[in-house]
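Now for the letters of each chain:
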Amino acid sequence: MKIEDAICAFCGCLCDDIAVEVTDNQITGVDNACTLGAARFREDLKNRLSEPIIRDGEGWKDISYDEAIRKTTDLLLSASRPLLFGWSSSATETQAAGAHLAELIGGVIDSTTTVCHGPSILAIQEVGHPGCTLGQVKNRAETVIYWGCNPIDAHPRHMSRYSTYPDGYFTKKTLQSRKVIVVDIRKTESSDIADMFIQICPGGDYAVLSALRTIVRGRPEVVPPVVAGVSKEQLLAVAEICKKTRFGALFFGLGVTMSRGKYKNVRNAIEFVDELNRHTKWTITPMRGHGNVYGSNEAFTWISGYPYAIDYSRGIAFYNPGETSAVDILRRRECDMCLIVGSDPGAHFPGFCASYLASIPTVLIDPYPNATTHLATIQIPCAINGIDAEGTTYRMDGVPIQTRKLIDTNYPFDGDIVHEIHRLVAAERRI
Ligand code: SF4
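None of these values were measured; they are calculated from a predicted model. (Residues numbered from 1 in each chain as written. Predicted model: local features only at pLDDT ≥ 70, side-chain atom pairs only at ≥ 80, totals over all residues. Heavy atoms only, no water.)

Student: Would you take a moment to explain the domain arrangement of the protein chain for this structure?
Tutor: Note: interface size is frequently given as the accessible area lost on complex formation between the parts. The domain architecture assigned to the protein chain consists of domain 1 (50–115 + 291–428) and domain 2 (118–286). Spacing between the C-alpha centres of domain 1 and domain 2 amounts to 34 Å. Each partner contributes to the interface: domain 1 provides twelve residues, whereas domain 2 provides 16 residues. The contact between domain 1 and domain 2 buries some 980 Å² in all, and 64% of this surface belongs to carbon and sulfur atoms. Interface area lost by domain 1 to domain 2 is led by R395, M396 and D397, which between them contribute 50%. The interface formed by domain 1 and domain 2 holds zero salt bridges in total. Broken down by class, the residue content of the side of domain 1 that touches domain 2 amounts to seven nonpolar, three polar and two charged. (Domains from an automatic or database assignment. Contact = heavy atoms within 4.5 Å. Buried area = accessible area lost by both parts, 1.4 Å probe. Salt bridge = Lys/Arg side-chain N within 4 Å of Asp/Glu carboxyl O. Nonpolar A, V, L, I, M, F, W, Y, C, P; charged D, E, K, R; others polar.)

See below:
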């Protein structure tokens with residue numbers, strides 16, 4: 001059986017044109033996906049855990065799902081400051097269940113946003129978001145800027161599906177006519193194929209954005225000859241291209257959000273786009289990494305009013321990134337139990353956070369053994385969004401897409417596991 005238009009939920013591109021061949025309930029062929037996506041559909045499936053596991057001395061032993069869920073519930077009930085982290089590879093239905101569980105137990109819930117585009121959200125809360133869909137970019141953009149990101153590595157089909165190569169309704173022969181500018185601190189595969197590469201000094205994003213804003217505002221005379229390693233001639237050339245284009249799209253990555261300046265860099269980038277919008281039409285979009293990290297911000301906001309780093313310990317939702325975000329709570333050794341769903345903080349968090357996770361009861365709900373498994377007390381394998389589970393998933397531009405279930409397995413949906421934990425906690429507390 002060939003399933004056309006399957007969804008790859010690996011990265012924020014959420015490619016919806018994947019053709020998957022299924023034979024005897026096994027995925028035997030994948031077309032259109034990039035290497036990362038194809039591996040997710042085929043290779044990674046071989047590495048799944050078959051049963052929940054629990055630490056047993058130096059090793060592990062298998063336990064049943066009922067037992068694993070019961071033990072997780074007991075750990076949550078006996079914790080005084082539980083942290084519920086991750087969620088970005090899970091469907092939005094699971095994320096919503098997680099937010100309700102956090103509210104019920106008075107815990108803290110945070111997603112991987114905290115270590116990727118959290119600063120982008122803070123900037124958007126301050127100055128708004130002149131955004132658009134990726135379809136608009138494909139159909140209208142004449143100039144595209146990639147700032148502090150390397151889409152060929154991290155979002156391999158972003159350029160071919162949305163921004164650089166495809167012809168759109170209003171844009172023809174884009175391969176020749178569309179201008180691509182890459183701004184980064186070093187050469188990358190993406191800068192190699194750009195029409196213009198602007199190499200800036202590390203930590204120079206804020207200064208370069210300010211210089212560009214100043215030029216677009218009509219005061220080029222106050223810009224010095226070199227700004228953060230970029231010559232004034234280059235800055236004038238970029239500003240001219242941006243002003244002359246009829247529709248431009250700026251995409252930015254962790255090079256902007258996680259370098260010196262953090263959310264102030266993003267705020268400056270948004271204000272640069274605002275400045276350009278006095279002359280022409282420009283939009284700005286964060287390159288969201290995990291397949292459904294955007295969905296976690298949506299689901300948490302519907303339920304609590306806040307997009308990430310939400311602390312329910314006061315009985316109401318409290319939000320103060322830097323204080324209530326997962327890394328800060330772990331750094332202060334504050335939480336005494338951690339439930340991790342659909343992410344791998346063992347691979348991405350600072351070392352001291354990872355080692356603290358290893359010292360407290362940590363439960364991981366994830367299909368695969370990963371770096372966090374080595375820190376966990378219990379791991380509960382679950383179905384994979386877009387392979388043997390389906391659910392709502394948000395693309396990096398905020399468009400919700402329903403993933404498809406391609407094969408049947410006995411693995412439970414992670415949302416059902418979280419719902420069951422919620423039911424047991426509520427029953428214990430007689431709610
Ligand atoms: S670009 Fe991202 S969503 Fe598209 S196939 Fe590759 S990994 Fe999957």
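Picking up after the structure, the text goes on.
Student: How do you make sense of unusual backbone geometry when you look at a structure like this?
Tutor: What is expected of a backbone is that most residues other than glycine have negative phi and most peptide bonds are trans. For N25, which is not glycine, the phi torsion reads 65° and is therefore positive. Mapping N25 onto the fold places it in the loop between β2 (18–23) and β3 (26–31). (Helix = DSSP H or I, 4+ residues; strand = E, 2+ residues; numbered from the N terminus.)

Student: I tried to follow the packing of helix α4 (residues 118–127) against helix α13 (residues 263–276) on my own but got confused; where do I start?
Tutor: In a pair of packed helices, the angle between the axes and the distance between the axes together describe the arrangement. Put simply, α4 and α13 touch, their axes get as near as 8 Å, and they point 50° apart. By the criterion of interaxial angle, the relationship of α4 to α13 is oblique. The two elements α4 and α13 meet at a crossing, and its hand is right-handed. Between α4 and α13, the residues in contact are P119, S120, L122, A123, I124, E126 and V127 and Y263, K264, V266, R267, I270 and E271, respectively. Residues belonging to the contact of α4 with α13 are distributed by class as follows: eight nonpolar, one polar and four charged. (Axes fitted to C-alpha atoms, helices over the stretch in contact; angles between N-to-C directions. Parallel < 35°, antiparallel > 145°, perpendicular 65-115°, else oblique. Left-handed = near helix turned anticlockwise from the far one by under 90°.)

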